[in-house]
Amino acid sequence: MAMDILQEMEILRREIDGAFRGFGMGSFLEPSFLPGVSLQRFPQINLAQDQDKVYVEALVPGVNSKDLELTVMRGVLTLSGERKDEAVSERTWHRRERGHGKFMRTVDLPCEVDVDQVVAKFENGVLLVTLPIQEKAKPKKISVKAH
């Protein structure tokens, strides 16, 4: 019987991952070759901007708001925290795909923001950070005079 190419790639990924696990690299090849699974950093974010503000939306399901920390310094937003392991120790696990532990994600901001006016709201596992753009970073309209 010929093995499916995706199954062969998945077996190879597991073997390489296992080989590097002992070298302090963690999971070397995190993405699976199976369809629909890709390399994703945690937490996943959206970054948007309008004329006055920058918006960062982060998906942090299973994280308590008291376990989140935000800092802004030199044009970089850092989001760190911990997703606690709520596992029941008496269970025999056959599959555990939801990660747990400490995490940190940095986001380069597209412009200078007013760090004293940053607002963060957390609801239903979604963190929305609103960062007002500094006045000096906003584009200035310059009038052109005819001679």
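Up top is the structure these notes are about.
This report concerns the structure included in the present document. Because the structure is a prediction, the values reported are computed rather than measured.

## Describing empty space enclosed by the protein
Following the criterion strictly, the structure yields 1 cavity of 30 Å³ or more and no others. Estimates place the volume of the largest cavity at around 40 Å³. Taken together, Ile-45, Val-56, Ala-58, Leu-70, Leu-77, Leu-79, Arg-105, Val-107, Leu-127 and Val-129 make up the lining of the largest cavity. Looking at the lining of the largest cavity, its residues break down into 9 nonpolar, no polar and 1 charged.

## With respect to the sheet that holds strand 2 (residues 53-59)
Taken in spatial order, the 4 strands line up as 1-2-7-6 in an open sheet, and their pairing is antiparallel. Two strands in the sheet have a free side with no partner beyond their single neighbour: strand 1 (44-49) and strand 6 (119-123). Averaged over all neighbouring strand pairs, the angle between strand axes comes to 15 degrees, with direction disregarded. Here 6 bridges tie strand 1 to strand 2, and the two strands are oriented antiparallel to one another. Its bridge partner lying in strand 2, Ile-45 is registered against Ala-58.

## A word on the environment of Val-126
Counting through the fold element by element, Val-126 comes out in strand 7 (residues 126-132). When its relative accessible area of 25% is taken as the criterion, Val-126 is described as partly exposed. Through-space distance from the C-alpha of Val-126 to that of Pro-61 is 7.1 Å; in sequence the pair is 65 residues apart. Sequence-distant contacts of Val-126, that is, excluding residues within four places in its chain, are made with Glu-57, Ala-58, Leu-59 and Lys-121.

## Looking at the pairing of strand 2
Covered by surrounding structure in strand 2 are Val-54, Val-56 and Ala-58 only, the residues Lys-53, Tyr-55, Glu-57 and Leu-59 on the alternate face being uncovered. Counted between consecutive antiparallel strands, the loop separating strand 1 from strand 2 contains 3 residues. As defined by bridge partners, strand 2 adjoins strand 7 across 7 bridges and the pair is classed as antiparallel. The residue of strand 7 that forms the bridge with Val-54 is Leu-131.

## Some thoughts on the environment of Leu-70
Along the chain, the position of Leu-70 falls in strand 3 (residues 68-73). For the pair formed by Leu-70 and Gly-81, sequence separation is 11 residues and the distance between their alpha carbons is 8.8 Å.

## Some words on the nonpolar core
Membership of the largest hydrophobic core comes to 17 residues, with the highest contact counts inside it found for Val-54, Leu-68, Leu-109, Leu-127 and Leu-131. For Leu-109, the residues in contact, after removing those within four places along its chain, are Val-54, Val-56, Val-72, Gly-75, Val-76, Leu-77 and Leu-131.

## Focus: the packing of aromatic side chains
Across all of its chains, the model carries 1 aromatic pair by this definition. Their ring planes at 90 degrees and their centres at 5.0 Å tell us that Phe-42 and Phe-103 sit as a pair that is edge-to-face. Here Phe-42, found in the loop between helix 1 (5-21) and strand 1, pairs with Phe-103, found in strand 5 (residues 101-108); they are 61 residues apart in sequence, far enough to count as distant. On the basis of relative accessibility, which here comes to 11%, the residue Phe-103 falls in the buried class.

## Some remarks on unusual backbone geometry
Despite not being glycine, Arg-74 shows a phi value in the positive range, around 50 degrees. One non-glycine residue with positive phi stands out, namely Asn-124, at about 50 degrees. With respect to the element layout, Asn-124 can be found in the loop between strand 6 and strand 7. According to the relative accessible area criterion, Asn-124 is exposed, its value standing at 74%.

Definitions and cut-offs
- Residues numbered from 1 in each chain as written.
- Predicted model: local features only at pLDDT ≥ 70, side-chain atom pairs only at ≥ 80, totals over all residues.
- Heavy atoms only, no water.
- 1 Å grid on protein atoms, 1.4 Å probe; cavity = no way out; pocket = protein on both sides within 12 Å on 5 of 7 lines; lining within 4 Å.
- Points joined across faces, edges and corners; volume = space filled by probe spheres on them.
- Nonpolar A, V, L, I, M, F, W, Y, C, P; charged D, E, K, R; others polar.
- Pairing = 2+ DSSP bridges.
- Helix = DSSP H or I, 4+ residues; strand = E, 2+ residues; numbered from the N terminus.
- Axes fitted to C-alpha atoms, helices over the stretch in contact; angles between N-to-C directions.
- Buried < 20%, exposed > 50% of the residue type's maximum accessible area, 1.4 Å probe, protein only.
- Contact = heavy atoms within 4.5 Å.
- Core = buried A, V, L, I, M, F, W, Y, C linked by side-chain atoms within 4.5 Å.
- Phe/Tyr/Trp six-rings, centres within 6.5 Å; stacked < 30°, edge-to-face > 60°.

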